[in-house]
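What follows is the residue order along each chain.
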Protein chains: 4
Amino acid sequence: MQPEQYAASIPYWKHIGMELLEVGDGHAAVSLSVGQEHSSNDERLIAHGGVIASLVDSAAGMAATAANGAITPTIDMRIDYLAPVTTDLRADAEIVRHGESTSVVSCEVYDTEGTHVATARSVFKTGGGDGETPWSRE
Amino acid sequence: MQPEQYAASIPYWKHIGMELLEVGDGHAAVSLSVGQEHSSNDERLIAHGGVIASLVDSAAGMAATAANGAITPTIDMRIDYLAPVTTDLRADAEIVRHGESTSVVSCEVYDTEGTHVATARSVFKTGGGDGETPWSRE
Amino acid sequence: MQPEQYAASIPYWKHIGMELLEVGDGHAAVSLSVGQEHSSNDERLIAHGGVIASLVDSAAGMAATAANGAITPTIDMRIDYLAPVTTDLRADAEIVRHGESTSVVSCEVYDTEGTHVATARSVFKTGGGDGETPWSRE
Amino acid sequence: MQPEQYAASIPYWKHIGMELLEVGDGHAAVSLSVGQEHSSNDERLIAHGGVIASLVDSAAGMAATAANGAITPTIDMRIDYLAPVTTDLRADAEIVRHGESTSVVSCEVYDTEGTHVATARSVFKTGGGDGETPWSRE
């Protein structure tokens, strides 16, 4: 399955409103359409931290999975929130180090005005995924 | 507004399926009902990392907000994923250090079988929230 | 080589003034004798953040290495600094999850008055260390 | 006191062998001369993780302190170790976001062969340091 097809098949991506923009060469970009359902406040639109974390895990995971050629479970993720989010988002993830057992990925998130709203680092498991795992697809 | 009312008013909590179980004395517990819409796989139920991150930011943020008496934006969050998630979840957050400008909160996530599926630490901004901010409610 | 002998052989432990107090069953405790050479200030004794980070990496790494039966390089480390350090220190590290390719370890640091001065989480590489590596001993 | 003088006055910098190379405009660079006293192995030179963490906290802290105009205690630090270290090191720190109460700083560490050996993010306290604190100098 191609990355574009794989991304489009993920139920949580649909639930949150994420789309794959680019993938390849250790890089992936994902967009997220922010609506009132993502808000942490019922009186105004201000995206919940979990929305941004969902976008980061999706973009960084896609970069790692594409480089690995197999699904890469997240080992850990660390996010710095830099500014409040009130518009749609774009996340760009880049592999920092791709290894046989783990990969480190950085991810930068921007809003539609170009404001840098979050920066993150994640570690993914790249080895041991050849057999049947809880993450496997047929 | 009481914490229970506040939690019930947050649009993203409804969108993800989270409910406040307990809050007080530097502690908060939140449940998340996991369904196929949270899956990272269209062939089976395996929760996306963003789902667990959303739960962590919600539980930890509620503990910090209740202790602070005012909304506490997330400064950073770090999650270790310990096991695949295929059932409903419960997160328990505890304040590690409550300060005038920032607070550190730990959060442990368990599935319905008692498996420890994630552990996290977050830092929240506790000062400077008296005036109008992007997070304010009337 | 036993853990006690191994710890006593590490040049950096001597340079910083660390000693192994306990090790076993997924746990390790290490002490650090704080002196003016550890200070970030030439007018008073206030330990540099790198001193506490050195203690955390040592205690957590010893817990992981003992559980793994082979040296475990650090993949990542995250420290929250909770209070200024002006006395000797003790770090207690516990394995949160021990896996075939990686382990997650928590570490709590206390001063001699019992103040909780730092809390940390680390990930260590537990697989792939059977052959010759840059970390190997004869 | 100028940053160069301040750096040269710090006891722990001398103990570890660090020197300030550059500082200004939200940036700082620090070198570390790696010797056998920094090794985690008595049979060969392989730098302990605490050595790299000490360098990161020093470079990132100097960038934050210079931008803030006052000493900035570390709130948290997260390091990804990318490759084994066997040579001298250089760390370059850049402010990602400078705020009134906290600042986020990134730091990249390279060895003398240009290998990217570590990447880190730290949060520093930038507010509340006007009065007497445990970190103050006369």
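Below: a short report on this structure. (Residues numbered from 1 in each chain as written. Chains lettered and ligands numbered in written order. Predicted model: local features only at pLDDT ≥ 70, side-chain atom pairs only at ≥ 80, totals over all residues. Heavy atoms only, no water.)

**What to know about the sheet that holds strand E1 (residues 18-24) of chain D**
Part 1 of the argument: Overall, antiparallel pairing links the 12 strands, which are arranged E1(C)-E2(C)-E4(C)-E5(C)-E6(C)-E3(C)-E3(D)-E6(D)-E5(D)-E4(D)-E2(D)-E1(D) in an open sheet. The outermost strands of the open sheet, each flanked by one partner alone, are strand E1 (18-24) of chain C together with E1 of chain D. Averaged over all adjacent pairs, the angle separating strand axes in this sheet is 15°, with direction ignored.
Part 2 of the argument: Bridging between strand E5 (residues 102-111) of chain D and strand E6 (residues 116-125) of chain D involves nine bridges; their strand directions are antiparallel. Bridge pairing links Cys107 of chain D to Ala120 of chain D in E6 of chain D.
Part 3 of the argument: Taken strand by strand, helix H3 (residues 49-68) of chain C contacts E1, strand E2 (27-32), strand E3 (74-81), strand E4 (89-98), strand E5 (102-111) and strand E6 (116-125) of chain C together with strand E3 (74-81) of chain D, and its axis lies near 45° from that of E4 of chain C. (Pairing = 2+ DSSP bridges. Helix = DSSP H or I, 4+ residues; strand = E, 2+ residues; numbered from the N terminus. Axes fitted to C-alpha atoms, helices over the stretch in contact; angles between N-to-C directions. Contact = heavy atoms within 4.5 Å.)

**Observations regarding H3 of chain C**
Part 1 of the argument: Over its 20 residues, H3 of chain C runs 28 Å from end to end, which matches the ideal 28 Å to within 8%, given 1.5 Å per residue.
Part 2 of the argument: Of all the 20 residues making up H3 of chain C, 17 are buried; the element is thus mostly covered by neighbouring parts of the structure. (Expected span 1.5 Å × (residues − 1). Buried < 20%, exposed > 50% of the residue type's maximum accessible area, 1.4 Å probe, protein only.)

**Let's talk about the relation of the copies chain B and chain D**
Part 1 of the argument: For these two chains of identical sequence, chain B goes onto chain D by a turn of 180° and a shift of 0.0 Å along the axis, with RMSD 0.0 Å. On this basis, the relationship between the two copies can be described by a two-fold rotation axis. When C-alpha positions in chain B are compared against the rotation axis, the closest is assigned to Ser101 of chain B, at 3.4 Å. (Least-squares fit on C-alpha atoms with pLDDT ≥ 70 in both.)

**Focus on the relation of the copies chain A and chain B**
Part 1 of the argument: Superposition record for chain A on chain B: RMSD 0.0 Å, screw rotation 180°, translation along axis 0.0 Å.
Part 2 of the argument: Taken as a fraction of all interface residues of chain A, those also at the interface in chain B reach 100%, which identifies the copy contact as same-surface.

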